[in-house]
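# Survey of secondary and tertiary structure
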Amino acid sequence: MVKFYPEFKQSITFSIFEIKNSMKLNLSVNFAGIKFKNPVLVASGTFGYGYELADLVPLKKLGGIVTKTITLEPRHGNLQPRIAEVASGMLNTIGLQNIGVKAFIEEPLEKLNKIEVPFIVSVAGATVNEYVETVKILSRQNGISAIELNLSCPNLKKKIVCHDLSLMSDVIKGVKKISKVPVIAKLSPLVTDISELALATQNAGADGVTLANTYPAMAIDVETLKPRLSTVKGGMSGACVKPMSVRCVYDAYQSIKIPIVGCGGIMTGEDAIEFMLAGATAVSVGSASLVSPKNLLNIIGEFENILKEKNIKSAKEIVGMLNTAKNTC
Ligand SMILES: Cc1cc2nc3c(=O)[nH]c(=O)nc-3n(C[C@H](O)[C@H](O)[C@H](O)COP(=O)(O)O)c2cc1C
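These lines cover the structure that appears in this document, whether it is placed above or below. (Residues numbered from 1 in each chain as written. Predicted model: local features only at pLDDT ≥ 70, side-chain atom pairs only at ≥ 80, totals over all residues. Heavy atoms only, no water.)

Quick look at the pattern of salt bridges now. When the charged atoms of two side chains with opposite charge come close together, those side chains can pair. Enumeration according to the criterion identifies eight salt bridges in this entry. K60 is paired through a salt bridge with E116; the nearest N and O atoms lie 3.9 Å apart. Note that K60 is positioned in the loop between β3 (40-42) and β4 (64-66) and E116 in the loop between α3 (108-112) and β7 (119-123), a separation of 56 residues in sequence. The class for E116 is exposed, based on a relative accessible area of 62%. Its salt-bridge partner being D271, residue K242 comes within 2.8 Å of it at the nearest N-O pair. Of the two residues, K242 sits in helix α7 (residues 242-255) while D271 sits in helix α8 (residues 269-278), which places them 29 residues apart along the sequence. Per residue, the accessibility class of K242 equals that of D271, and both read buried. (Salt bridge = Lys/Arg side-chain N within 4 Å of Asp/Glu carboxyl O. Helix = DSSP H or I, 4+ residues; strand = E, 2+ residues; numbered from the N terminus. Buried < 20%, exposed > 50% of the residue type's maximum accessible area, 1.4 Å probe, protein only.)

Laid out in structure tokens, this is it:
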């Protein structure tokens, strides 16, 4: 017995090592009842209707897809130029160009249903009725995991919908009444107190919130002495907005119970982790996939590697970790 002891000890050590390594990292998260295999989604408007880039990215690897925003009637969007590059980011003024809900259910929806990745349909309207009617049509269809209400677009008075609290609440309540799937409210970050606004979406019945849309901005071409966007002003996204969006998530996380999709400037797996530490259950990536759709896979891969390095066994463990940890600095 004594003679074989060293080998015995070695084999035990080896087995423990094997067991430790075989404990699989669980990347999945549950968001308002929707299971995403990993927390990285594509953000609305930066990945078409969600299936067109299948040749460039294996869609099955994504946590989920948020479609380009659709409206009741088709929209041409704004005049060109609608995009301008700025330091560490970009401006856009697409103006909700889309084919309208009826055409959406004829083709894109059918194709999305074949992908086997949860998809969320983004919806906008200028009135409560437009939101409700669009969701009514979508509610007759199968396969949709959730509705994301783009509440950052202008209403009939050209005000941003979520800047009018009673209109925003009516939109959420109206849609909740008829939607068969969870409803996520996507907010503009241009507000005095994002936590109050997030709380108002929760009180109106939203199942989740996306923080945040683009930041109001503009840029001027000094060569031509003209604005760089046809509408003069537009929305800023990309790496430069990340710290502001992380703060939105952190602030909202203190006041709401519904889950948060963190969005704004995520370019790396580390960025995604930052949003989750601040309180996001999932993240959505926009501008980085416009730079290269392959960035989405890099973000997922980096995210996984960082959790492994830190010996964290499941993605959901890090949600809001910053809030519960004692800050000693
Ligand atoms: C070209 C472009 C088009 C967009 N279209 C939409 C849209 O249709 N609906 C929407 O809710 N957000 C839209 N967004 C905002 C993004 O979904 C996202 O909230 C924002 O870009 C911040 O994320 P990012 O910094 O990762 O790009 C768009 C952004 C860009 C850059």
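So, on to the nonpolar core. Ranked by size, the top nonpolar core spans 98 residues in total, and within it Y131, L149, L151 and L211 carry the most contacts. No other element matches helix α10 (residues 295-309), which puts six residues into this core. With sequence-adjacent residues up to four places away left out, L151 is seen in contact with Y131, I160, V161, C162, M168, V171, I172, A185, K186 and L187. (Core = buried A, V, L, I, M, F, W, Y, C linked by side-chain atoms within 4.5 Å. Contact = heavy atoms within 4.5 Å.)

Turning to the pairing of β7, a few remarks are in order. Burial runs high along β7: five of the five residues are buried. Every second residue of β7 is oriented toward a common face, with F119, V121 and V123 on one face and I120 and S122 on the other, all of them buried. As paired strands, β4 and β7 are joined by two bridges and run parallel to one another. Looking at β7, one finds that V66 is bridged to I120. Judged from the four bridges that link them, β7 and strand β8 (residues 146-150) form a sheet pairing that is parallel. Pairing of S122 across the sheet is with E148, part of β8. (Pairing = 2+ DSSP bridges.)

Another aspect to go through is a nonpolar patch on the surface. A cluster of nonpolar side chains, M218, I220 and V232, forms an exposed patch at the surface whose accessible area comes to about 260 Å². If you trace the backbone, V232 turns up in the loop between β13 (226-227) and β14 (233-237). (Patch = residues over 30% accessible without salt bridge, like charges linked within 9 Å, V, L, I, M, F, W, Y side chains within 5 Å. Areas by Shrake-Rupley, 256 points an atom, 1.4 Å probe, with all protein chains shown as cover.)

This part is about the environment of D207. Residue position: D207 is located in the loop between α6 (194-203) and β10 (208-211). As a C-alpha pair, D207 and A185 span 22 residues in sequence and 8.0 Å in three-dimensional space. Setting aside residues up to four positions removed in sequence, D207 forms contacts with A32, K176, P182, V183, I258 and P259.

Bringing the sheet that holds β8 into the picture now. The eight strands are arranged β3-β4-β7-β8-β9-β10-β15-β16 in a closed barrel whose pairing can be described as parallel. Here the strands of the sheet are splayed against their neighbours by 25° on average, with no regard to which way each runs. Against the sheet, α6 contacts β9 (183-187) and β10, and its axis sits at roughly 155° relative to β9. (Axes fitted to C-alpha atoms, helices over the stretch in contact; angles between N-to-C directions.)

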